[in-house]
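# A structural walkthrough
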Amino acid sequence: MAAPTRKRVGGSSKGKRWRKGQSSSSNPETSTHRQAARSRITNLFGGSQSNQGSRNSQLTQDALRKHEQSFTTDLSSSSVKQRSQCDVDITSPPPAAADNYNRDDGLSINSCDTFISGWSQCTNETFHQVEHFWNSNSAQAKEICAILAAVAEVIRSNGGKETETEYFAALMTVLDTVEGEESLSAAAYLLRVVIKRVPHSVLKIKFSDVGKKLFDVLGRHAATGSPMLLKSILLCFASLFRVQEPVVWSEQSTLQLYHGLLSFISHPKPKVRKAAHIAVCSVLKGSQFLLNDDGPDHHPAAGVTAKLCQQLIEQQSVSKDDTVVLYVLGLLKDVMSVFPQQYVKSTCELILKLMTLSNVLVCSVAMQALHGLFISLPKTSCLSSQLNAQIINALYDYQPTENDSQPAKAWLAVMSKAHTNLHRQDEKLCVSHLPRFFNSAMSYLLSHRPDINKAALDTMKSLLYDCIRPSSALIELSLRNTPNDSNTPIHKVIRCIESGLQYKYNTCWHHVLEVIRTTFEVLGKICPDPLRKCLRSMCELRHGYNFPFTAELDRAVGTAVKVIGPRFVLTAVPLDIDGTAQDDMNFPNSWLFPVIRDHVENTELKYFNDYFLPLAVTLYKTAGDLKESKRLVEAKAYDVLQYQIWTMLPGFLTNPVDLPTEFKNIAKVLGAALSNRPDIRNEICTGLRTVIKKSCHIDENKQAMAAFSKNYLPILFNIYTTAPAEDGGPTTLKSQLPILDTVRSYLSISEPKVIHELFDKASSRISSSDEVASYTRYTVMDLLIAMIPYINMERLDTVLKSLKPLLKNKDRTVQKKAYRLLERACCENHTDTDSASCFLKTNLCLLQDLLVSVRKQCKPASRAPRLHCFSAIVKRMPVEHEEFINVILQEAVDSTKAVGLRARTAALDLVCDMARYVIKSAELCHNPSIDAFDDYIEMILAGFTEEPATITASIVALQCLMREFRMYLSTELISKILDRLCSQLHTNNTGIIKTTLECIKDMMKHINDRELAQHIEKLVKSLVRWDEATKHKFRYQVRPLFLRMCRKFGFEMIDNLAPASYHKMIINMKKTTEREKRHKMQKESGDQDMDDDWTTVASTKRKAESFDEILAETDSDEEEMVSVRTEKSNKSTRSQKKSRLPTWLVEGVSDAPIDFLDPSAAKRISATKPEDQTTDTRRKTKHTFLSTDDGKLIIKDDEEDVEDADKRKIHWKLKNKQGVMEADDSDDENAAAASNKAGNKRKVSDNVESSSSRAPGGNKKQRHTKYGTEYKSKKAPGDVKLKGRPDPYAYIPLNRQTLNRRKKAKLAGQYLGMVKATRRGAAKAKRAISRKMKNPKH
């Protein structure tokens, strides 16, 4: 629900209130802000209010009344509408200012008006962003609008052109004269808006005057000014400084003004401080002379900024409050990259010095500052490669411990960006620094914190991609003729990564394997030899018992296969399989077969010919010999191995580097295997299709493969046409599909001569159909269909002459394939498009007669290809064949309700193709296309008088045509269609009614609302004139129609048209729609963040990767400590401690004491509690001994233990009899706590109380809570009162199960029983009292 447009200003205090019943009217008498602003502005320009009123004032009462009305009505949409009207018709002035448009100031009535021209007559587009203030209820927004209106009025009354310069001069005058802080803030905001549009020459000439005035305002309100005022003045300074020349910055007055701006970078108010940061960044980075080609490398004020930041840090670093240091570091993060080199060095030294103070928050922000320096990609004049390398070396002294989460991730991020920036400047120097960093990063993989492991992994991968891969040429040159045991930086990096395969890294081997995989990907091509040992060591891990990371290891080895090649991998890790008796029958390295199969590509085919092919032949023979010897298990093993070798063939044929020279050596073997080896036939076909698809785009490869088409195509034809075995062998049409796909692929590169010969042989076999078996006929027709796109016109004519008997064949498979043959001949996916076009043009009449003559013999399975033939004919049919449309239209319409999906889709496509043909023919004959389309629709509407199936099909076709050709629907045609559809709603056929409702729903979606509104009454009446049975059956289909009509034409209109029985449904839909609209508005309003920044300021945003995102996650221990810290009662110390997160000293690193003056001492300071990381609860030794407070164990003798145990048993038995179990000794408390630790984690007292309600030996369901046992007296029967507790009456405990409606009767019975027992007890007590009174004791 939208928020109220009018609010009472002033908080909870009572102000002026509307009279009863007058809340909807405006109150023009209360105009305090406008009157005050108007009086100040008129006095400002030397005239009284009465004098201004005689000057034909633009600020009239009508304008103020219109302004008042804007706050009492929702103008969120009307303001946009008004603005668009101003853009279209600028000759119609607003009513409030219509009398003032006749002017003699040189501006015509056609001058551009802005959105506020109706109130203020401001025509400058610069103030367009002030538009949203007109709908605001704040006093500051009203003040801005009032000052803008008054300034515009004064400028226009003085004959001004309302340029940016005029507004700038007027607003500067306002700053000098106004006194109220609210008015001053409004004027400063408007000045901030317009100063960016003022010509640079004006700002340069008036720099001294403008700077002095702004500085005076800033000085007067520096301590007590509002954030909006200070923010606007600071941003005005930024716009003023940016346009000045470098010479101006050499003057002392300019530096004094700039020092005034810098004094706000540590302001306590966040908005002011942020504005100061933005202003400094825009000056140092966005000044005009810096953007020129011949501009200096640094801004003249960069050194001044660096000195001031250093002074502030040095002054505040010794104090306990580090707030100012954090503010300055936040600025340095953005501007340090534009400092001169000497200042960058001194600033970095100061930042590193701050990190020795062991303040976690300061260290974190300092890391952010360094991170900002490196990701800004500074120039060499700002950060040289030597200085970059020095910073990297210095950061190693501040390396956090392995288990300190947040600082460790921050350090890794900074070092990653530092090396990336160093690589940008000096590749060789960067590569020389990588080994040391990889050693440090590998140490973080030993951490038991997963987030640190992941950060170290990502950092090493990014350096491999960003620093090593671009330097591949340099690395390859440096590694040339160097042994594998040399100490080059790359060898050191590889050895460092290989060390991750040691057992101490066993918990993070999956991360190590991912780093190794990336190393293979990056360095595999340029230096494979140093990686050989790493590959061998990695594969040895897979043989370990229950190795958990086999998937990661296989992926790493697969990358080596993909990048380096299978020859290198199998040389380092041999298969040790040769098909002889010396083979280990466990085949330990057989896992390499599927790895090579999944990853091999772009390799040498020669290796498959020389190694794998002979090995496959040997293994196949060995399997056969073992099978004859009845050693079936061993035979099966060798048979699987040889099959896995053949599965690698498609990978070796994927872009092989030596295809033209090596394929001829394997072609004969593959041909023989196709004929004689059905078990590997699919793998060979897959390999042939792969090499044709991925390698034949190169002419040399295509020629090498096409040379064997005369050999492979006959083999494939014979295999495909081979009939299945009589014993139910594996050869079926479905299993032969890979063969047919291979034939189609090979036909695309074969020579036409070979294709024509094969086509003639296949055609001759079809012509003698009586002598050919059915299976052979089917397969030969499939091959003919595949060859149709590659044959010439003569053979196409021959095919057409032989098709008629096949189209009349009673065998539905033969008939379907004949239609597909004709479809392929007519379609346009022919290799020679001219042949297909010429074939249709030459045989058009013959094709039409042939298809019409065999209509009755068409089987349902052949309908889809038959309709495709019709579509191909219609698309190429000339105008004079229009009567063919009348012949095939009814068949096309009837097919829209066919059983098969392909047939229904083809029928709808044909209906649309015929409509396009009719429209095109009318245009060629210069006839109206709409009339032709109307006639076509009339032909379809004629089917509404036929059988129910025909009516349903006609409605489906009509629905498709209205969706595709809605631009050709005339008003008369829409009316006619609706009449026919409404008449079909009252039939007795439910199928017709359902289809009609779907058509009407689709019609509402695509037809214009204006045209549909003319028939809405007829449509509503047709939808409600049903009997009860039909109405109930289609209620779910009718409701969406009414909802759509209500949304289009209003709920009131549909409610008036519908009968009374539908009013309840319409009211429900209205309420539901309004509720959904409210929920949507609330969701949208909740998602929007209210930004108090009045305008868009040029920001200094960098890349999307943010340092805050890297440090987003915080340890649970830190959150716990922060929550404890925030619970301090002293408010002053709370804000001071906010910048100091808790820190711990890591003990046990060495026996030497910590020297806090040493920079390496930072490694011993952790932001995470060390006990939580070093203590592993899963490995903690548990014992049952008691201990004292100082840690001494209490060990008793066996006799004492037995005696204590007997005492405890007796004690628990006594307590069980009383119904309460109390733990008196510390051992019982420890036992309760131990049992509680594994359960619900309650307190010890709670656990003891809960255990008191358990029945001995009972389960959870048998436990019953006994209330009131603590009131039972131990000395006499009855209850006693306890101090500080309620009286011992019968209280009913609160239990949420009593709300269960299903147990209502049961619970009511319990309460009745409780009342009866109470009455019995009261009666018993009454009788006892009466007896006592009758027989008093003497």
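Residues numbered from 1 in each chain as written. Predicted model: local features only at pLDDT ≥ 70, side-chain atom pairs only at ≥ 80, totals over all residues. Heavy atoms only, no water.

### Overview of the overall build of the protein
Along the protein, the regular secondary structure elements total 64 helices and 4 strands. Of all 1338 residues assigned to the protein, the portion counted as buried reaches 44%. Taken as a whole, the protein presents about 72,000 Å² of accessible surface, with 51% of it coming from carbon and sulfur. (Helix = DSSP H or I, 4+ residues; strand = E, 2+ residues; numbered from the N terminus. Buried < 20%, exposed > 50% of the residue type's maximum accessible area, 1.4 Å probe, protein only. Areas by Shrake-Rupley, 256 points an atom, 1.4 Å probe, with all protein chains shown as cover.)

### Quick notes on the side chain of serine 970
Mapped onto the secondary structure, serine 970 falls in the loop between helix 48 (948-964) and helix 49 (971-984). Contacts of serine 970, omitting those with residues within four sequence positions, involve Ile930 and Asp934. (Contact = heavy atoms within 4.5 Å.)

### Re the packing of helix 21 (residues 450-468) against helix 24 (residues 509-523)
Running from N to C, helix 21 and helix 24 point in directions that differ by 5°, and their axes come no closer than 10 Å. As far as their axial angle goes, helix 24 and helix 21 are roughly parallel. Facing helix 21, whose interface residues are Asn453, Lys454, Leu457, Met460, Lys461, Leu464, Tyr465 and Ile468, helix 24 presents His511, Glu514, Val515, Arg517, Thr518, Thr519, Glu521, Val522 and Leu523. Across the contact of helix 21 with helix 24, the residue classes tally to 8 nonpolar, 4 polar and 5 charged. (Axes fitted to C-alpha atoms, helices over the stretch in contact; angles between N-to-C directions. Parallel < 35°, antiparallel > 145°, perpendicular 65-115°, else oblique. Nonpolar A, V, L, I, M, F, W, Y, C, P; charged D, E, K, R; others polar.)

### Re the pattern of salt bridges
This model, assessed by the stated rule, comprises 33 salt bridges. Across the salt bridge formed by glutamate 601 and lysine 562, the nearest N and O atoms sit 3.8 Å from each other. Within this pair, whereas glutamate 601 is found in the loop between helix 28 (592-599) and helix 29 (605-628), its partner lysine 562 is found in helix 26 (residues 550-563), the two being separated by 39 residues in sequence. We classify glutamate 601 as partly exposed; its relative accessible area is 25%. For lysine 562, a relative accessible area of 44% puts it in the partly exposed group. Here lysine 817 makes a salt bridge to aspartate 782, at a shortest N to O gap of 2.7 Å. One end of the pair, lysine 817, is in helix 41 (residues 812-826); the other, aspartate 782, is in helix 38 (residues 774-787), and 35 residues separate them in sequence. Classification of aspartate 782 by relative accessible area gives buried; the value is 11%. Each of Lys461, Arg469, Glu514, Arg517, Glu521 and Arg555 takes part in salt bridges that share partners, so that together they form one network. (Salt bridge = Lys/Arg side-chain N within 4 Å of Asp/Glu carboxyl O.)

### Structural notes on unusual backbone geometry
Only a minority of non-glycine residues have a phi that is not negative, and only a minority of peptide bonds are not trans. Located in the positive-phi region is asparagine 602, a residue other than glycine, with phi close to 55°. Mapped onto the fold, asparagine 602 is located in the loop between helix 28 and helix 29. By relative accessible area, which is 41% here, asparagine 602 ends up partly exposed. Despite not being glycine, lysine 630 has its phi angle at roughly 70°, a positive value. Note that lysine 630 resides in the loop between helix 29 and helix 30 (632-647).

### Re the packing of helix 29 against helix 32 (residues 659-676)
For the pair helix 29 and helix 32, the least separation of the axes is 8 Å and the interaxial angle reads 35°. Across from Leu605, Lys606, Phe608, Asn609 and Leu613 in helix 29, the residues of helix 32 making contact are Leu659, Glu662, Phe663, Asn665, Ile666 and Val669. Split by residue class, the contact of helix 29 with helix 32 holds 7 nonpolar, 2 polar and 2 charged.

### Here we look at the nonpolar core
Counting 342 residues, the largest nonpolar core has Tyr258, Leu535, Phe612, Phe663 and Phe1042 as the members making the most contacts within it. If you tally residues by element for this core, the top one is helix 46 (residues 901-924), at 11 residues. If sequence neighbours within four positions are ignored, tyrosine 258 has contacts with Phe241, Trp249, Val280, Val283, Leu284, Ala301, Val304 and Thr305. (Core = buried A, V, L, I, M, F, W, Y, C linked by side-chain atoms within 4.5 Å.)

### Here we look at the environment of valine 852
Of note, valine 852 is situated in helix 43 (residues 844-853). Here valine 852 falls in the partly exposed class, since its relative accessible area comes to 30%. Separated by 36 residues in the primary sequence, valine 852 and isoleucine 888 have C-alpha atoms spaced 8.1 Å apart. Contacts of valine 852, omitting those with residues within four sequence positions, involve Arg866, Phe884 and Val887.

### A few points about the packing of aromatic side chains
What the rule picks out here adds up to 30 aromatic pairs. On the basis of an interplanar angle of 45° and a centroid distance of 5.2 Å, the ring pair of phenylalanine 241 and tryptophan 249 is categorised as tilted. Since its relative accessible area comes to 0%, phenylalanine 241 is described here as buried. Here the aromatic rings of phenylalanine 708 and tyrosine 712 are separated by 6.5 Å at their centres, their planes lie at 55°, and the arrangement is tilted. Through successive ring pairs, a cluster of aromatic residues spans Tyr607, Phe608, Tyr611, Phe612, Trp646 and Phe652. Just above the ring of tyrosine 327 sits the side chain of arginine 273; from NZ or CZ to the centre is 3.7 Å. For the cation-ring pair, arginine 677 lies above tyrosine 620, with the distance from its terminal atom to the ring centre recorded as 3.8 Å. (Phe/Tyr/Trp six-rings, centres within 6.5 Å; stacked < 30°, edge-to-face > 60°. Lys NZ or Arg CZ within 6 Å of the ring centre and 35° of its normal.)

### Some details on the environment of isoleucine 468
Along the polypeptide, isoleucine 468 turns up in helix 21. You can call isoleucine 468 buried: its relative accessible area is 0%. With 45 residues separating them along the chain, isoleucine 468 and histidine 423 place their C-alpha atoms 9.0 Å apart.

### A few points about helix 41
Here helix 41 contains 15 residues, and its C-alpha end-to-end distance of 21 Å stays within 8% of the 21 Å for a straight helix at 1.5 Å per residue. Along helix 41, the positions that sit buried rather than exposed are Val814, Gln815, Lys817, Ala818, Tyr819, Leu821, Leu822, Ala825 and Cys826. For helix 41, the side-chain oxygen to backbone nitrogen distance between the N-cap and threonine 813 is 3.2 Å, and the N-cap itself is aspartate 811. (Expected span 1.5 Å × (residues − 1). Polar contact = N/O pair within 3.5 Å; in protein donor to acceptor, adjacent residues only side chain to side chain.)

### Topic: the side chain of glutamine 984
Relative to the assigned elements, glutamine 984 resides in helix 49. For glutamine 984, a relative accessible area of 9% puts it in the buried group. Contacts of glutamine 984, omitting those with residues within four sequence positions, involve Phe944, Ile951, Ile992, Ile993 and Thr996.

### Brief notes about the confidence of the model for the protein
Model confidence for the protein is summarised by a mean pLDDT of 78, while 73% of its residues fall at 70 or above. Within the model, the stretch residues 1-15 combines pLDDT values under 50 with 20 contacts to residues more than four positions away or in other chains. Low confidence marks residues 69-119, where pLDDT is under 50. Its contacts with residues over four positions away, or in another chain, come to 78 contacts. (pLDDT = per-residue confidence, 0-100.)

### What to know about the environment of asparagine 484
By the secondary structure assignment, asparagine 484 is in the loop between helix 22 (472-478) and helix 23 (489-498). In sequence terms asparagine 484 and aspartate 529 are 45 residues apart; their C-alpha atoms lie 6.9 Å from each other. With sequence-adjacent residues up to four places away left out, asparagine 484 is seen in contact with His491, Arg495, Asp529 and Pro530.

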